[in-house]
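Residue strings, one per chain:
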Amino acid sequence: MTGPVYRRVVIKLSGEYFAGPNASGFDQSTIDRVAGDLIAARELGVEIAVVVGGGNLVRGVEVSSRGMSRPAGDTMGMLATVMNCLALEAAIERKGTPARTLTAHVMPQVSELFTRSAAHKYLAEGRIVLLGGGTGNPFFTTDTTAVLRAAEIGAQAVLKATNVDGVYSADPKKDPSAKRFDRLTHSEAIGGGYKVMDATAFALARETSLPIIVFSIAEPGSIGAILSGTGRGTIVAG
Ligand code: UDP
């Protein structure tokens, strides 16, 4: 049996996923299940950092369309990602694995500030590190955050969890003729305008030579399968 393909990865989990079958909010059984998957992946010997989205609670662009400024709306979105980190941290620790939330903003009563050295320290200790608050800046996304943090902490890949098993030419749930890709270059992903990740994230991954693996989190154990090289996903690289 071969070991895991990567030593350290960043996993991007959308906030939408935290809502489970609901349109918004927290679904505890879904959060508990992903906590278990992350722990199983960690037990393969891979250091795991998770960038958490906030779309189940607030998306800046949506709240700002109702009159608030975009930076204020995005700040609410970034705070939403911190709430999701706290929910996931609690779920992981309840299962007996240490986790640690690091955030992009100073909030000492809530979490520690993200620094590369703190991330290295906690990952080396075997904790699952949760990264909240996005980049700390409005007008960015947590997809871009995942690539940024992966480059900063020397991760070998970004695992982008979605609800489909890779990148498609169109939404396969709406268009049965959509073509699935096994592999794309960063430039092809940007040029194709595929909706799975924003172009800023792909451009930063191209600049930093980081592979992105797009896979479905719907199947229990899919994170571990991707890390072992047996899972199904689209590799965006090169
Ligand atoms: N956000 C931001 N800067 C960042 C990351 C996120 O302003 O660096 C805000 C933005 O308003 C976004 C919200 O946080 O809508 C939630 O993040 P995202 O939409 O990426 O979450 P997801 O769709 O993955 O749940």
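Since we're looking at a predicted model, the values are computed, not measured.

Moving on, we come to the overall build of the chain. Scanning the chain for helices and strands turns up 9 helices and 11 strands. For 238 residues, the compact-globule formula gives about 18 Å, and the C-alpha radius of gyration of the chain, at 17 Å, lands near that figure. Along the first, second and third principal axes, the C-alpha set of the chain runs to 50 × 50 × 35 Å. Taking all 238 residues of the chain together, 46% fall into the buried category. Considering only intrachain contacts with a sequence separation of at least 6, the fraction spanning at least 24 residues in the chain is 70%.

UniProt records the feature "domain: Aspartate/glutamate/uridylate kinase" (unreviewed entry) at residues 8–216, using the numbering of this structure. For the annotated span residues 8–216, helix accounts for 41% and strand for 20% of the residues, and the straight-line distance between the end C-alpha atoms is 20 Å.

Glancing now at the sheet that holds strand β10 (residues 212–216). With mixed pairing, 9 strands are arranged side by side in an open sheet as β4-β3-β5-β2-β1-β6-β10-β11-β9. Strand pairing shows two members of the sheet lacking a second neighbour, β4 (112–113) and β9 (183–184), which therefore form its edges. Sheet topology note: the strand β1 (residues 8–13)/strand β2 (residues 47–52) ladder contains 6 bridges and is parallel. Paired with K12 across the two strands is V51, which belongs to β2.

As a further point, take the site of the ligand. Around the ligand lies a shell of 23 residues, among which G53, G55, G60, G77 and G134 are the nearest. Where the shell around the ligand is concerned, the elements lending two or more residues are α1 (15–18), α3 (60–64), α4 (70–94) and α6 (142–153). Sort the elements by how many residues they give to the shell around the ligand and α4 lands first, with 6 residues. For the shell around the ligand, the class distribution of residues is 5 nonpolar, 15 polar and 3 charged.

What counts, and at which threshold
- Residues numbered from 1 in each chain as written.
- Predicted model: local features only at pLDDT ≥ 70, side-chain atom pairs only at ≥ 80, totals over all residues.
- Helix = DSSP H or I, 4+ residues; strand = E, 2+ residues; numbered from the N terminus.
- Rg over C-alpha atoms; globule rule 2.2 N^0.38 Å.
- Buried ≥ 20, exposed ≤ 12 C-beta atoms within 10 Å, placed from the backbone.
- Contact = placed C-beta atoms within 7 Å.
- UniProt positions renumbered as here; feature names shortened; annotations may be inferred.
- Pairing = 2+ DSSP bridges.
- Near = placed C-beta within 6 Å.
- Nonpolar A, V, L, I, M, F, W, Y, C, P; charged D, E, K, R; others polar.

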